[in-house]
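The residues making up each chain are set out below.
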There are 2 protein chains.
Amino acid sequence: MDVKVIELKESILEDNNADADKLREELKNKKLFCINVMSSPGSGKTTTILRTIDALKDEFKFGVMEADIDAAVDAETVLNAGIPAVQLHTGGMCHLDAQMTRQGLAEMKEDFDCIILENVGNLVCPAEFDTGCTKNVVIYSIPEGDDKPLKYPLMFEKADVVLINKIDAWPVFDFNLDEAKKHLYLRNPDVAVFPISSKTGEGYEDWINYLRDMINADIRG
Amino acid sequence: MDVKVIELKESILEDNNADADKLREELKNKKLFCINVMSSPGSGKTTTILRTIDALKDEFKFGVMEADIDAAVDAETVLNAGIPAVQLHTGGMCHLDAQMTRQGLAEMKEDFDCIILENVGNLVCPAEFDTGCTKNVVIYSIPEGDDKPLKYPLMFEKADVVLINKIDAWPVFDFNLDEAKKHLYLRNPDVAVFPISSKTGEGYEDWINYLRDMINADIRG
């Protein structure tokens, strides 16, 4: 399938935070809910996005923006699942800011209820730049270990939701969920945490109910 | 155990590449082999470093520098295994450069043969900054998927060695080793690739023999 690849231009705005707040306001006025998905490389962002959309596709119209330094494999995967998607290339940059997010949104022409932005796989830099999206979802997988919130504090402070993915692989890894949650709440007492498997669907019911309520409160509230 | 934590200062050098070449030359003259270990968060850097040192501890004197944005859990783990270690804090920065590596090396007072630098867990930024270490080892784990060399090209171009870790978890993940190698050699035809499990020790014999030869060629050659 032919993927539309957008080469993002580096931003010139000095005040990204102000621009991000402005974008969030514009999205709210347009009744468009935008989710910024962040994680390490290989935590299961694309698989999680696909299963999440599948669960809610009869209730909301979804689109996906895949950001990567190179390649278009993720946008291809999403398009092949029948979901509108574009591939954003960051020109080597390790994150997206609000102006780059705007460049992607300009390519999403349909009347969407929810756009999911898959940020560059990186637990450091994307947390430092507000994309202007409505909410931040951080995916963090069992094989990565329960100490990650200690080492990448800002990422977990910026999260509205943390999905602990790959719980199907739990039997082969030493991962203490209570420790992981303790570390998470230390960084961010208000974060919503859902252990899930995007491979088997385990734990999805609670996450999907939470997401549905969050979208409805924003675009229909 | 009491961990020495060093708060790194941001560099002011304009030409990091020249400084890194100079540091590499100084290390060579001192017969000190320095390995820069890079990977995603949670790929098993610390476990791999411990098992690698254990296999070669009777032949070389090892020390470890653990770099993180926050926390000291990795340096604690290494110290508890009886290996000299310091914790470097990057002050929020997503990478180390040669000047930051020098600040760490200044704290390693013993007469080491080999210092292992565990870089910040990140497949993007650390590849952009030459640390001045003798060799770059990239760890890349089975749960991350076989497409990572396509998405993070510079990291795999800069690697002298790629360790494909967590092969013990292979049965529960879809990972095609031939595809991963094809993507790797596309980026970097000269890279040495070793599939390993740092949990069980599988695949270590080849990796350890390769590393032994590399260190000996450098410090005794």
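Thresholds, definitions, all that
- Residues numbered from 1 in each chain as written.
- Chains lettered and ligands numbered in written order.
- Predicted model: local features only at pLDDT ≥ 70, side-chain atom pairs only at ≥ 80, totals over all residues.
- Heavy atoms only, no water.
- Helix = DSSP H or I, 4+ residues; strand = E, 2+ residues; numbered from the N terminus.
- Rg over C-alpha atoms; globule rule 2.2 N^0.38 Å.
- Contact = heavy atoms within 4.5 Å.
- Areas by Shrake-Rupley, 256 points an atom, 1.4 Å probe, with all protein chains shown as cover.
- Lys, Arg positive; Asp, Glu negative; His and termini not counted.
- Charge placed at Lys NZ, Arg CZ, Asp CG, Glu CD.
- Buried area = accessible area lost by both parts, 1.4 Å probe.
- Salt bridge = Lys/Arg side-chain N within 4 Å of Asp/Glu carboxyl O.
- Nonpolar A, V, L, I, M, F, W, Y, C, P; charged D, E, K, R; others polar.
- pLDDT = per-residue confidence, 0-100.
- Buried < 20%, exposed > 50% of the residue type's maximum accessible area, 1.4 Å probe, protein only.
- Polar contact = N/O pair within 3.5 Å; in protein donor to acceptor, adjacent residues only side chain to side chain.
- Pairing = 2+ DSSP bridges.
- Axes fitted to C-alpha atoms, helices over the stretch in contact; angles between N-to-C directions.
- Arc of directions from axis to C-beta.
- Core = buried A, V, L, I, M, F, W, Y, C linked by side-chain atoms within 4.5 Å.
- Least-squares fit on C-alpha atoms with pLDDT ≥ 70 in both.

Chemist: Would you explain the overall build of chain A in this entry?
Modeler: Scanning chain A from terminus to terminus reveals eight helices and eight strands. What you see for chain A is a C-alpha radius of gyration of 16 Å, in line with the 17 Å of a compact globule of 221 residues. Projecting the C-alpha coordinates of chain A onto the three principal axes gives extents of approximately 45 × 40 × 40 Å. Considering only intrachain contacts with a sequence separation of at least 6, the fraction spanning at least 24 residues in chain A is 76%. Element-wise, carbon and sulfur atoms account for 47% of the exposed surface of chain A, whose accessible area totals about 8900 Å². The centroid of the 24 positive side-chain charges in chain A is displaced by 2 Å from the centroid of its 40 negative side-chain charges.

Chemist: Just checking my understanding: could you explain the interface of chain B and chain A for this structure?
Modeler: Bring the parts together and some accessible area is lost; that lost area is often taken as the interface size. Taken together, the contact between chain B and chain A spans 32 residues of the former and 32 residues of the latter. Here chain B packs against chain A, burying approximately 2500 Å² in sum over the two surfaces, 59% of which is carbon and sulfur. Three residues, Pro41(B), Lys151(B) and Val172(B), lead the burial of chain B against chain A; their summed loss comes to 22% of the area buried on that side. The closest approach of N and O atoms between Lys151(B) and Asp74(A), which form a salt bridge, is 2.7 Å. Every element with two or more residues in the side of chain B that touches chain A is listed here: helix H3 (73-80) and helix H5 (148-151) of chain B. The greatest single-element share of the side of chain B that touches chain A, amounting to three residues, is contributed by H5(B). For the side of chain B that touches chain A, a count of residues per class yields 16 nonpolar, five polar and eleven charged.

Chemist: Can you walk me through the confidence of the model for chain A in this structure?
Modeler: Caution is warranted with low-pLDDT regions, since their predicted coordinates should not be read in detail. With 98% of its residues at a pLDDT of 70 or more, chain A shows a mean pLDDT of 94. ipTM for the predicted complex: 0.88, alongside a pTM of 0.92.

Chemist: Please explain the side chain of Thr131(A) as it appears in this structure.
Modeler: Residue and element names in this part refer to chain A. Secondary-structure assignment places threonine 131 in the loop between strand E5 (114-118) and strand E6 (135-141). The class for threonine 131 is buried, based on a relative accessible area of 1%. Within the structure, the side chain of threonine 131 is placed 3.2 Å from the backbone nitrogen of cysteine 133, a separation counted as a polar contact.

Chemist: Honestly, the sheet that holds strand E5 (residues 114-118) of chain B in this entry has me stumped. Any pointers?
Modeler: Sheets are built from strands that pair by backbone hydrogen bonding, the pairs being arranged parallel or antiparallel. Residue and element names in this part refer to chain B. Ordered by their spatial adjacency, eight strands build an open sheet running E1-E4-E3-E5-E2-E6-E7-E8, and the pairing between neighbours is parallel. Edge positions in the sheet fall to strand E1 (5-7) and strand E8 (192-195), since each of these pairs with one other strand and no more. Taking each pair of neighbouring strands and ignoring which way they run, the sheet shows an average axis angle of 20°. Across five bridges, strand E3 (residues 62-68) lies against strand E4 (residues 85-89) in parallel orientation. When the sheet's bridge partners are listed, aspartate 68 is paired in E4 with histidine 89. Helix H2 (residues 45-56) rests against strand E2 (33-39), E3, E5, strand E6 (135-141) and strand E7 (161-165) of the sheet, and its axis sits at about 175° to E3. Contacting E2, E3, E5, E6, E7 and E8, helix H8 (residues 204-219) runs over the sheet at an angle of about 140° to E2.

Chemist: Explain helix H7 (residues 177-187) of chain B to me, please; I cannot follow it from the model alone.
Modeler: Residues lying three or four places apart along an α-helix face the same way, a consequence of the helix completing one turn every 3.6 residues. All names here are of chain B. For H7, every residue scored as buried is listed here: Leu177, Ala180, His183 and Leu184. The buried side chains of H7 occupy one side of the element, clustering within an arc of 130° when seen end-on. Among the exposed residues of H7, those oriented more than 90 degrees off its buried face are Asp178 and Leu186. In this structure, the buried side of H7 is in contact with E6, H5, helix H6 (153-157), E7 and E8. Capping of H7 at its N-terminal end is provided by asparagine 176; its side-chain oxygen lies 3.0 Å from the backbone amide nitrogen of aspartate 178.

Chemist: Whenever I open this one, the nonpolar core confuses me. Can you help?
Modeler: Among soluble globular proteins, nonpolar side chains are generally buried collectively. In terms of nonpolar packing, the biggest core is built from 94 residues, with Leu88(A), Val162(A), Ile164(A), Leu88(B), Val162(B) and Ile164(B) touching the most fellow members. With residues up to four places along the chain from it excluded, the contact list for Val162(A) reads Val138(A), Tyr140(A), Phe156(A), Leu184(A), Val191(A), Ala192(A), Val193(A) and Phe194(A). In this structure, Val137(A), Phe194(A), Ile196(A) and Met214(A) belong to the second largest nonpolar core, which totals 32 residues.

Chemist: In this structure, what is going on with the relation of the copies chain B and chain A? I would like to understand it.
Modeler: Each of the two chain copies can be brought onto the other by rotation about an axis and movement along it. For the pair chain B and chain A, the superposition axis carries a translation of 0.0 Å, the fit reaches an RMSD of 0.0 Å, and the rotation angle comes to 180°. Look at the turn and shift together and you get a two-fold axis relating the two. Most of the interface of chain B is mirrored in chain A, where 100% of its interface residues again form contacts.

Chemist: I tried to follow the sheet that holds strand E1 (residues 5-7) of chain A on my own but got confused; where do I start?
Modeler: Residues and elements named next belong to chain A. What the eight strands build is an open sheet, ordered E1-E4-E3-E5-E2-E6-E7-E8; its pairing is parallel. Both outer strands of the open sheet, E1 and strand E8 (192-195), are each paired with one neighbouring strand and no more. Here the strands of the sheet are splayed against their neighbours by 20° on average, with no regard to which way each runs. As paired elements, strand E7 (residues 161-165) and E8 share four bridges and run parallel to each other. The residue of E8 that forms the bridge with valine 161 is alanine 192. With respect to the sheet, helix H3 (residues 73-80) is in contact with strand E3 (62-68), strand E4 (85-89) and E5, its orientation differing from that of E4 by roughly 175°. Packing of helix H8 (residues 204-219) onto the sheet brings it into contact with strand E2 (33-39), E3, E5, E6, E7 and E8, and relative to E2 it is tilted by some 140°.

Chemist: Honestly, helix H4 (residues 98-105) of chain B in this entry has me stumped. Any pointers?
Modeler: Residue and element names in this part refer to chain B. The buried fraction of H4 is high, at seven of eight residues. Taken residue by residue, H4 has Ala98, Met100, Thr101, Arg102, Gln103, Gly104 and Leu105 as its buried positions. Tucked into the core, H4 has its buried residues touching E1, helix H1 (16-29), E3, E4 and E5. Of the residues flanking the start of H4, the one acting as N-cap is aspartate 97, its side-chain oxygen 3.2 Å from the backbone nitrogen of glutamine 99.

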